[in-house]
Amino acid sequence: MYKYDAIDQKIVDERVTQYRDQTRRYLAGELSEDEFRPLRLQNGLYIQRHAPMLRIAVPYGMLSSKQLRKLGDIAKKYDKDYGHFSTRQNLQLNWPKLEDTPDILAELATVEMHAIQTSGNCIRNITTDQFAGIAPDEIIDPRAMAEIMRQWSTFHPEFALLPRKFKIAVSGTKDDRAVVQAHDIGMEFYKDAAGKLAIKVWVGGGLGRTPILGSVIREHLEWQHALTYCEAIIRVYNLHGRRDNIYKARIKILVKALGIEEFKRQVEAEWAHLKDAPNTITEAELARVSTYFGVFDYAKLPAYDASFDATVASNPAFAAWVKRCTHAHKIPGYRAVTLSLKPHGKAPGDATSAQMHTVADLAEAYSFGELRVSHEQNLILADVKLSDLFAVWEKARANGLATPNIGLLTDIICCPGGDFCSLANAKSIPIAEAIQMQFDNLDYLHDIGDIELNISGCMNACGHHHVGHIGILGVDKDGSEWYQVSIGGKQGNDASIGAVIGPSFSAEEMPQVVQKLIDVYVKERTPEERFIDTVRRLGIAPFKAHVYARDPAKESATA
Amino acid sequence: MSNLIKFDIENKKASVVENEWQCVELPPSEVAERVQAGKVVLFKLTGENTVTEAQIANTVIPATGKVIVPLSVYAAKKDALAERMDASALGIWLDTHETLESLIAQFDDINRLPIIAIHVARFADGRIFSLGTLLRTRYGYKNELRAFGDVLRDQLFFLKRSGFTSFLIRADRSADEALASLNDFSAPYQGAVDEPKPVFQRYNRA
Ligand code: SF4
C-alpha cells in the first residue's frame, strides 16, 4: 500500500500543529462554538450525544498491521477499548475527550494516519471496492488513482468550504462494489476500445433525505483528466449549490434543479478552461503511485490444495465459513477472507482493541501485513493462501471474528444511531441486535441466503437504508422512536431505491416484521431466487399484505 | 492597530499594514423578503436577496479619498465615478453570490481596477475561493484582491492559495495573530493560484 514520503509526512505533522492550536484557542475561549465547528469537523471531530466522536480516515479502506495496532492502542488509551468501523471505511471513536484529540492525531501521524476531511463540508475520504487489486473480475486496480485523488483533495483550497459534504467513489470492476452511483461523484475505470485507461463519470448520486442514483455526465474521460474534470464539477457546485438550506445543499439537488444536460453543459464549459492545466495527472505520477499497490511476492501455487479440500469436506463449520467468508482471488491458490464484525447480538462494525491486535497479527502472519475495511463494516485479509485458511479460521473464531454470516441476513449494515449520534431520530444498534437474535440459527440463515439489511437512525442515511434489500429507517413520531421499512433497494450496477411498505413500527415489532418479510420470501421464491429477485418479481404487495395482516389472536386479546 | 494583512507576492511576505481604502456599504434593503408557497421569490438558487434600486440610489459615497464601491452601485453610477476610476482611486467589491461576468462586463480591461474586494458574509461560505481563483486564472486580474467580512485566520491559507493578496480580519480579532496562519502548510499537494504546479510537478518524488 501507499507509503508516505517526507512531503506526505510533513503535511500530516503540520496539520497536527495547526489543529492543536485551534483546539487551544477554542478551550481558551478565543474561538466561539460556531467558529470552532467547521475547524474541528475538518479534523473528524463531531460533538455527539454523550461525548465527542472522532472519525479517523482509512483512505480507500487500506490499513497496515502497524496502523491497526496503533488504532487498537488509541482505542484503549483514549476511549473505551473499542472502535467502530463505519460504512465510509473509516474508524470512529465514540468516547474520546476533546482535550485529548490533538494528542490522538499526533499518535496517528506517527503511523501515517490522520482524520483530515473525514467530516465537514469538504471532499471526504475517497472510497473504493474492498477487493481492489485482487478481484478476478477487476479491469483496473483503482487504488493508485484513489491515492492520487486523496492527495489532490487534501486541503484543496478552492473546495475547503463547500455547500455540503462531498463524497467520491472509484471502482475498477464491471460489478460495482463501490456503489459509485450513490456518490456525489462516481468514477468507474475501464479500458476503452483503444485499450487505454478511461473513466465513466457519474454525478449527483446520494442517499440521505432525497435518495437519487447518479447520472452519467461523461461516458469517456481519459484518466489524465480525472482531477481537472472533478475540479470543473465541484467548481460549478461550489458556486451554484444551495447554501440556504442544509437539506437542499448536496450536489444532487443542483443537478436535479438544472437537469443533467444543463449541468453537464456548465461543467464542460468550465472544463474547457481547466483541461490540460498543471493538475493534469502525468504518466510518471501514475507510475510512481502504482508501484505501491499489488506488488506482493505471491507464491506460485496450484489452484487447489488437497489438505484444504479435505478439511472442508470433513469439517462442516469450517466449510460454512469458507463458503460465506472467503472470496475468489485473481492469483491461483489464494483467497480473500472477510473477518466478520457482525457477531449476533453485538453492534455491527464494532471491534475491541484486542480484536484489532488479533487482526493485525493475522494480517502480518498470513496476508503481507495489510488489510482492508469494507463498507459493509467488516475487515478483510486480502491475500491468504488456501493452505493457511484453516489456521486463520481457528484464530478468528477464537476471537469472535468468524461468524459465517457474510452477505447473510445478520450481516447488517447499521449506522451508530440514537445511542451515539445527536442527529438520530431513533436507535439503530438495538434493532440490529434484536434482528440478529431473531435469526440466530445458521442453517436457517444459509437457507435464506444472500440478502442485505441496512439500518439508518435518521434521514441522513449513513446506514444506506435506501439500497438495502430490506431498509429500516428511524423516524420520529410525536417524540417517540418508530421504524419505517422499505424493500427492494439494491446497490451495484442494477441499483434501485427501496419502496416503503407502509406505516412505521415500534422497536419491539421490528424482529417480527423482518421475520414476516422473510416468510413471504421463503414461501414465494423459486429455487434460484434471492430475496431481492422475489421482491422485484412480485412487487411489494404480497409482503405488505402479510406484514400488516391483522393478527386475530392479538385482536381478541385486546378486544 | 490595523486589521489588514497584505501579502506581497514578490517577496512572499505578509505584514499588517494600514488600510488606505474606504469601503462603501449599501444601505439596508427595505423590501421585505417575498415568499411564495414557502419559496423565496427574490432569491437566486443559492438564496440571497438582490440589490434594490432604492438601495443603490441611497448609497452615500464619500466625496474624496480612495473608495471601494459595491458592484451594483458602480454599474448604476459609472459616469459619475469615471474620474475617480481614471485616478486609480476607485475599487469595486462584490458579494459571494454575485457573478464575475457582471463585473467583467463593466470593463474593457479588468486591470484598470487597482483593487477588487470580495465580501464573505459567513465563514462557511466557500464561494469566495472559486471567485478568487477565477479572477486570477480566467480573467487575468493582477492587482490587489481583498477578502473582507467574516474573515478569520483559519481561512487565510485557503484564501492566499485562491489568489487573494489582502485580508481584512474581522474587527474583533487580531490581524497580528492571524498572520502565522498564512503558512500553515509548507508544501501543498495540488496546484492552485499561488502555486499552479501540483506536488508531482514540483518535486521528483520517486
Ligand atoms: S443516519 Fe442519522 S442517526 Fe445514523 S449516524 Fe447518520 S446522522 Fe446519525
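Since the model is a prediction, treat every value here as computed from it, not as a measurement.

Conventions used here
Residues numbered from 1 in each chain as written. Chains lettered and ligands numbered in written order. Predicted model: local features only at pLDDT ≥ 70, side-chain atom pairs only at ≥ 80, totals over all residues. Heavy atoms only, no water. Helix = DSSP H or I, 4+ residues; strand = E, 2+ residues; numbered from the N terminus. Rg over C-alpha atoms; globule rule 2.2 N^0.38 Å. Buried < 20%, exposed > 50% of the residue type's maximum accessible area, 1.4 Å probe, protein only. Contact = heavy atoms within 4.5 Å. Lys, Arg positive; Asp, Glu negative; His and termini not counted. Charge placed at Lys NZ, Arg CZ, Asp CG, Glu CD. Pairing = 2+ DSSP bridges. Axes fitted to C-alpha atoms, helices over the stretch in contact; angles between N-to-C directions. Domains from an automatic or database assignment. Buried area = accessible area lost by both parts, 1.4 Å probe. Salt bridge = Lys/Arg side-chain N within 4 Å of Asp/Glu carboxyl O. Polar contact = N/O pair within 3.5 Å; in protein donor to acceptor, adjacent residues only side chain to side chain. Nonpolar A, V, L, I, M, F, W, Y, C, P; charged D, E, K, R; others polar. Near = heavy atom within 4 Å. Parallel < 35°, antiparallel > 145°, perpendicular 65-115°, else oblique. Left-handed = near helix turned anticlockwise from the far one by under 90°. Core = buried A, V, L, I, M, F, W, Y, C linked by side-chain atoms within 4.5 Å. pLDDT = per-residue confidence, 0-100. Phe/Tyr/Trp six-rings, centres within 6.5 Å; stacked < 30°, edge-to-face > 60°. Lys NZ or Arg CZ within 6 Å of the ring centre and 35° of its normal.

**Details of the overall build of chain A**
Phase 1: Helix and strand content of chain A: 19 helices and 20 strands.
Phase 2: What you see for chain A is a C-alpha radius of gyration of 23 Å, in line with the 24 Å of a compact globule of 559 residues.
Phase 3: In chain A, which comprises 559 residues, the share counted as buried stands at 62%.
Phase 4: Within chain A, contacts between residues at least 6 apart in sequence are counted, and of these 68% link residues at least 24 apart.

**Considerations on the overall build of chain B**
Phase 1: In terms of helices and strands, chain B carries 8 helices and 10 strands.
Phase 2: What you see for chain B is a C-alpha radius of gyration of 18 Å, in line with the 17 Å of a compact globule of 206 residues.
Phase 3: Taking all 206 residues of chain B together, 49% fall into the buried category.
Phase 4: With 25 positive and 27 negative side-chain charges, chain B shows a separation of 6 Å between the mean positions of the two kinds.

**A word on the sheet that holds strand β3 (residues 62-64) of chain A**
All names here are of chain A.
Phase 1: The strand order β3-β14-β15-β12-β11 describes an open sheet built from 5 strands, whose pairing is antiparallel. Only two strands of the sheet have a single neighbouring strand rather than two, namely β3 and β11 (326-328). Put simply, the sheet's adjacent strands are angled 35° from each other on average, direction ignored.
Phase 2: Taken together, the 5 bridges between strand β12 (residues 334-339) and strand β15 (residues 379-385) define a ladder with antiparallel strand orientation. Within the sheet, the bridge partner assigned to Thr338 lies in β15 and is Ile380.
Phase 3: Sitting on the sheet, helix α3 (residues 65-78) is in contact with β3 and β14 (370-373), with an inclination near 85° to β3.

**Some details on the domain arrangement of chain A**
Residues and elements named next belong to chain A.
Phase 1: Along its sequence, chain A is carved into domain 1 (6-109), domain 2 (143-292), domain 3 (306-398) and domain 4 (413-558).
Phase 2: For domain 3 and domain 4, the distance between their C-alpha centroids amounts to 28 Å.
Phase 3: On the domain 4 side, the residues contacting the 13 residues of domain 3 number 13 residues.
Phase 4: A per-residue breakdown of the area domain 3 buries against domain 4 is headed by Arg324, His344 and Pro348, which together make up 45% of the total.
Phase 5: Our count for the contact surface shared by domain 3 and domain 4 stands at 1 salt bridge.
Phase 6: Residue Asp450 is joined to Arg324 by a salt bridge in which the shortest nitrogen-to-oxygen separation is 2.6 Å.
Phase 7: Connecting domain 3 to domain 4 are 5 residue pairs in polar contact (both at pLDDT 80 or more).
Phase 8: Split into classes, the residues belonging to the side of domain 3 that touches domain 4 amount to 4 nonpolar, 4 polar and 5 charged.

**Structural notes on the interface of chain B and chain A**
Phase 1: Residue-level contacts link 42 residues of chain B with 47 residues of chain A.
Phase 2: Summed over both partners, the interface of chain B with chain A comes to about 4000 Å²; 57% of that surface belongs to carbon and sulfur atoms.
Phase 3: At the junction of chain B and chain A, the tally comes to 8 salt bridges.
Phase 4: In this structure, Asp8(A) engages Arg205(B) in a salt bridge whose closest nitrogen and oxygen atoms are separated by 2.8 Å.
Phase 5: On inspection of chain B and its partner chain A, the count reaches 25 residue pairs in polar contact (both at pLDDT 80 or more).
Phase 6: Those elements that provide at least two residues to the side of chain B that touches chain A are α5 (127-137), α6 (153-161) and α8 (199-202) of chain B.
Phase 7: Each residue belonging to the side of chain B that touches chain A can be placed in one class, and the counts come to 19 nonpolar, 10 polar and 13 charged.

**Side note on the site of the ligand**
Phase 1: By nearness alone, every residue bordering the ligand is listed as Cys415(A), Pro416(A), Gly417(A), Cys421(A), Leu423(A), Ala424(A), Ser456(A), Gly457(A), Cys458(A), Asn460(A), Ala461(A) and Cys462(A).
Phase 2: Taken together, the residues of the shell around the ligand break down into 8 nonpolar, 4 polar and no charged.

**Focus on the pairing of β14(A)**
Phase 1: Side chains of β14(A) alternate between two faces, with Glu370(A) and Arg372(A) and Leu371(A) and Val373(A) buried alike.
Phase 2: Two successive antiparallel strands, β14(A) and β15(A), enclose a turn made up of 5 residues, where Gln377(A) displays a positive phi of approximately 70°.

**Observations regarding the packing of helix α1 (residues 6-27) of chain A against helix α2 (residues 33-41) of chain A**
All names here are of chain A.
Phase 1: Direction vectors running N to C along α1 and α2 enclose 160°, while the axes themselves pass 10 Å from each other. Here α1 lies roughly antiparallel to α2, going by the angle between them. Crossing hand, α1 versus α2: left-handed. In this structure, α1 uses Tyr19, Gln22, Thr23 and Tyr26 to contact α2, whose residues at the interface are Glu33, Phe36, Leu39 and Arg40.
Phase 2: Tallied by class, the residues present in the contact of α1 with α2 amount to 4 nonpolar, 2 polar and 2 charged.

**Quick word on the nonpolar core**
Phase 1: Membership of the largest hydrophobic core comes to 156 residues, with the highest contact counts inside it found for Ile185(A), Met187(A), Ile233(A), Phe263(A), Trp321(A), Leu381(A) and Leu103(B).
Phase 2: Sort the elements by how many residues they give to this core and helix α6 (residues 226-240) of chain A lands first, with 10 residues.
Phase 3: Residues within four places of Phe263(A) in sequence aside, it is in contact with Val203(A), Ile217(A), Ile233(A), Val236(A), Ile251(A), Leu254(A), Val255(A) and Leu258(A).
Phase 4: In this structure, Ala426(A), Ile435(A), Ile518(A) and Phe543(A) belong to the second largest nonpolar core, which totals 36 residues.

**Regarding the confidence of the model for chain A**
Phase 1: For chain A, per-residue confidence averages 91 on the pLDDT scale, and residues scoring 70 or more make up 97% of the total.
Phase 2: This stretch, residues 555-559 of chain A, has a pLDDT under 50; its non-local contacts, to residues over four places away or in other chains, come to 1 contact.

**Digging into the environment of Asn90(A)**
Residue and element names in this part refer to chain A.
Phase 1: Structurally, Asn90 is set in the loop between β4 (82-85) and β5 (91-93).
Phase 2: Residue class for Asn90 comes out buried when judged on its relative accessible area of 2%.
Phase 3: Through-space distance from the C-alpha of Asn90 to that of Thr127 is 9.6 Å; in sequence the pair is 37 residues apart.
Phase 4: Those residues in contact with Asn90 that lie beyond four places of it in its chain are Arg55, Ile56, Ala57, Val58, His84, Phe85 and Asn125.
Phase 5: From its side chain, Asn90 meets the backbone nitrogen of Val58 in a polar contact 3.1 Å long.
Phase 6: Reaching out from Asn90, the side chain makes a polar contact with the side chain of Asn125 at a distance of 2.9 Å.

**What to know about the confidence of the model for chain B**
Residues and elements named next belong to chain B.
Phase 1: Residues with a pLDDT of 70 or more make up 90% of chain B, whose mean pLDDT is 89.
Phase 2: Considering only residues more than four positions removed or in separate chains, one finds that residues 34-46, a stretch of pLDDT under 50, has 30 contacts.
Phase 3: Predicted as a complex, the structure gets a pTM of 0.84 and an ipTM equal to 0.93.

**Focus on the environment of Lys346(A)**
Residues and elements named next belong to chain A.
Phase 1: Within the secondary structure layout, Lys346 lies in the loop between β12 and β13 (350-352).
Phase 2: In this structure the C-alpha to C-alpha distance between Lys346 and Phe439, which are 93 residues apart in sequence, comes to 13 Å.
Phase 3: Lys346 has contacts with Glu433 and Gln436, leaving out every residue within four places of it along the chain.

**Some remarks on the packing of aromatic side chains**
All names here are of chain A.
Phase 1: This model, assessed by the stated rule, comprises 25 aromatic pairs over all chains.
Phase 2: Ring centres 5.6 Å apart and planes at 40° place the aromatic pair Phe166 and Tyr237 in the tilted group. Here Phe166 is found in the loop between α5 (143-153) and β7 (168-171), whereas its partner Tyr237 is found in helix α6, with 71 residues between them in sequence. Accessibility classification places Phe166 together with Tyr237 in one group, the buried group.
Phase 3: Positioned above the aromatic ring of Trp95, the side-chain terminus of Lys80 is 3.6 Å from the ring centre.
Phase 4: For the cation-ring pair, Lys477 lies above Trp482, with the distance from its terminal atom to the ring centre recorded as 4.5 Å.

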